[in-house]
Structures are given as C-alpha cells and as structure tokens.
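# A look at the structure
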Amino acid sequence: VQLVESGGGLVQAGGSLRLSCAASGSSFSINTMGWYRQAPGKQRELVAVITSGGGSTNYADSVKGRFTISRDYAKNTMYLQMNSLKPEDTAVYYCKARTMVVGISFDYWGQGTQVTVSS
C-alpha cells in the first residue's frame, strides 16, 4: 500500500484546508484509515480515524466540531476537512492505513504534508 498526502499549506487562523490521502497498491486490504499530526518538539498524535464498512469515525477532542474525516472508496482516497483552523493546528499531517489480511495487521504511512496556521 502506498499513501500520498496533499492539500497542506499556509492559511490564516479561522481559515480552512482540505487534506487528501490517495491510496494505491493493495488498497482493498485496508481496514482503518486515519490522520495523525506532529508539531515541532512534540509526539505524533491522533487527529481522526475512520473505519471501513460502516465508516465509524473518532476524533481528538482538540478537533471535534472543526475537522471532518471521510473516505471515497471509488477513488481510494481519504480526506480531512479542516475548518476554523487555529495556530495550534500547525503540524505535519500524516495519513495512516491499517491493513488486515488473514488476521495479521500492518500499518502504512504517507510522507506527510505541512499545515501552517498563522495568527
């Protein structure tokens, strides 16, 4: 599975961005997908996850009500719509895909995309 993120950039506080994560390869084996972020000097943290099938979602408290995660199965692409952005949202955003084949799971990561929110 290969993951390629796009959509990052520089935006003013209160603005919006939409990140995309395109999956290729054995994408049929993907179960859960998620967005993570890592700010300078901080550990990587979960932002949002979405499961396959029913599309159950879960968000970090810091982004609830502002960010929306979604998947387009026809395009093998996951999105993160980010609204009301704050300077503290500044980070490198990574997408992750977890595959499940015969009971064995494996995580794949994208290369990351920079999001910078100016005050």
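Described in the following lines is the structure provided in the data block. (Residues numbered from 1 in each chain as written. Predicted model: local features only at pLDDT ≥ 70, side-chain atom pairs only at ≥ 80, totals over all residues. Heavy atoms only, no water.)

## Observations regarding the environment of Thr 99
Tracing the backbone shows Thr 99 in strand 9 (residues 91-101). Classification of Thr 99 by relative accessible area gives buried; the value is 5%. Sequence-wise, Thr 99 and Ser 70 are 29 residues apart; in three dimensions their C-alpha atoms are separated by 17 Å. (Helix = DSSP H or I, 4+ residues; strand = E, 2+ residues; numbered from the N terminus. Buried < 20%, exposed > 50% of the residue type's maximum accessible area, 1.4 Å probe, protein only.)

## Overview of the pairing of strand 4 (residues 30-38)
Bridge count between strand 4 and strand 9: 8 bridges; the pairing is antiparallel. Looking across to strand 9, one finds that Gln 38 is bridged to Val 92. Here strand 4 runs beside strand 5 (residues 45-50); their pairing, made up of 5 bridges, is antiparallel. If you follow Gly 34 over to strand 5, its bridge partner there is Val 49. (Pairing = 2+ DSSP bridges.)

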